[in-house]
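# Descriptive analysis of the structure
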Amino acid sequence: MTGMPIDADRPVRLLIVDDHPVVRDGLRGMFAAAPGFEVAGEAADGAEALVLAEALRPDVVLMDLRMPRMDGVTAIRAMAERGLTARVLVLTTYDTDGDVLPAVRAGATGYLLKDAAREELFHAVRSAARGASVISPTVAAKLLGQVRAPAPEVLSARELEVLQLVAGGATNRDAAARLFISEATVKTHLLHVYAKLEVKDRASAVAAGYELGLLVPGGGRPR
């Protein structure tokens, strides 16, 4: 799911989606008490989330996965199909193969588990709002664990460098500064990465990188 990064001078507007009222209350209180965030609304399932995302136009949607009426993956896919620009950050207790990849492939910007520390969650939401992909180390390890054999070097050295920076949360501007190249060149490398990995966006590229063994949790390349 794509969209323009938000203005850094205004709060990140959030839509919290979870079928458990206690969880929604806890998240609302946490973000309401922290500077730089505004809770725009709450939804109890994917269907309600879709309606509110269209009406409220939040910057980031914190999306649970397993909910009644409409699950999170279906809601993420529907938001992408309707052209909604909110970044979707999955926040769930589930890290199974059948949960992680469908969510990322549906258009989620990132994937965190509910045992994430408060500051990790704040950082993830800010990063998602900037357009960066965020994947929990635990989830990254899960993706890496799916690898059965070393993957071929399908990416060039520079394409892999760009993918590594994106996996670490870098924006195109950050990557350009780190590699001493233009943002346009970074975008070109990313387009090549998408084509070679057969994905459509940054989060899917990062997920595929872990899945293929091109990336390892914590940064760096597989030995």
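Residues numbered from 1 in each chain as written. Predicted model: local features only at pLDDT ≥ 70, side-chain atom pairs only at ≥ 80, totals over all residues. Heavy atoms only, no water.

### A look at the overall build of the chain
Under the convention used in this document: Helix and strand assignments come from DSSP, with helices taken as H or I runs of at least 4 residues and strands as E runs of at least 2, each series counted from the N terminus. Type-normalised accessible area, obtained with a 1.4 Å probe on protein chains alone, sets the label of each residue: buried when under 20%, exposed when over 50%, and partly exposed for intermediate values. Throughout, a residue-residue contact means that at least one pair of heavy atoms, one from each residue, lies within 4.5 Å. Method for areas: the Shrake-Rupley scheme with a 1.4 Å probe, in which residue coverage is limited to the protein chains shown.
On a plain count of helices and strands, the chain comes out with 10 helices and six strands. With 223 residues in all, the chain has 49% of them scored as buried. Across the chain, every contact between residues at least 6 apart in sequence was considered, and the portion connecting residues at least 24 apart equals 67%. Surface summary for the chain: the accessible area is close to 10,500 Å², and the carbon and sulfur share equals 54%.

### A closer look at the pattern of salt bridges
What counts here: Think of a salt bridge as a Lys or Arg side-chain nitrogen and an Asp or Glu carboxyl oxygen that are within 4 Å of each other.
Counted according to the given criterion, the structure contains 14 salt bridges. The partner of Arg 13 in a salt bridge is Glu 38, with the nearest N and O atoms 3.7 Å apart. Here Arg 13 is found in strand β1 (residues 12-17), whereas its partner Glu 38 is found in strand β2 (residues 37-43), with 25 residues between them in sequence. One salt-bridge network, in which partners are shared between bridges, spans Arg 24, Asp 25, Arg 28 and Glu 42.

### As for unusual backbone geometry
Residue Arg 57 is not a glycine yet carries a positive backbone phi of 50 degrees. A positive phi angle, close to 65 degrees, is found at Arg 69, a residue other than glycine. In this structure, Arg 69 sits in the loop between β3 (60-63) and α3 (72-81). The exposed category is assigned to Arg 69, whose relative accessible area is 70%.

### Focus: the environment of Phe 122
Its location among the elements puts Phe 122 in helix α5 (residues 118-129). With a relative accessible area of 5%, Phe 122 lands in the buried category. C-alpha of Phe 122 to C-alpha of Ala 34: the two residues are 88 residues apart in sequence and 8.7 Å apart in space. Those residues in contact with Phe 122 that lie beyond four places of it in its chain are Met 30, Phe 31, Ala 34 and Phe 37.

### Some words on the packing of aromatic side chains
What counts, and what does not: Only Phe, Tyr and Trp rings are paired, with Trp represented by its six-membered ring, and only when their centres lie within 6.5 Å; those with planes under 30 degrees apart are stacked, over 60 edge-to-face, the remainder tilted.
Counted according to the given criterion, the structure contains three aromatic pairs. Pairwise contacts between aromatic rings join Phe 31, Phe 37 and Phe 122 into one cluster.

### Digging into α5
Heads up, the condition is: Given the number of residues in a helix, its expected span is that number minus one, multiplied by 1.5 Å.
Here α5 contains 12 residues, and its C-alpha end-to-end distance of 17 Å stays within 8% of the 16 Å for a straight helix at 1.5 Å per residue. Along α5, the residues classified as buried are Leu 121, Phe 122, Ala 124, Val 125, Ser 127, Ala 128 and Ala 129. Positive phi appears at Gly 131, one or two residues downstream of α5, with a value of about 95 degrees.

### Let's talk about the sheet that holds β3
Counted only if it meets this: Paired strands are those between which DSSP finds at least two bridges. Think of each axis as a best-fit line through the C-alpha atoms, taken over the contacting stretch in the case of a helix, with angles from 0 to 180 degrees between the N-to-C directions.
Ordered in space as β2-β1-β3-β4-β5-β6, the six strands form an open sheet in which the pairing is parallel. The outermost strands of the open sheet, each flanked by one partner alone, are β2 and β6 (134-135). Inspection of the sheet shows β1 paired to β3 by four bridges, in the parallel sense. Looking at the pairing, Val 17 lines up with Met 63 of β3. The strands touched by helix α2 (residues 46-56) are β1, β2 and β3; relative to β2, the strand with the most contacts, the crossing angle is about 140 degrees.

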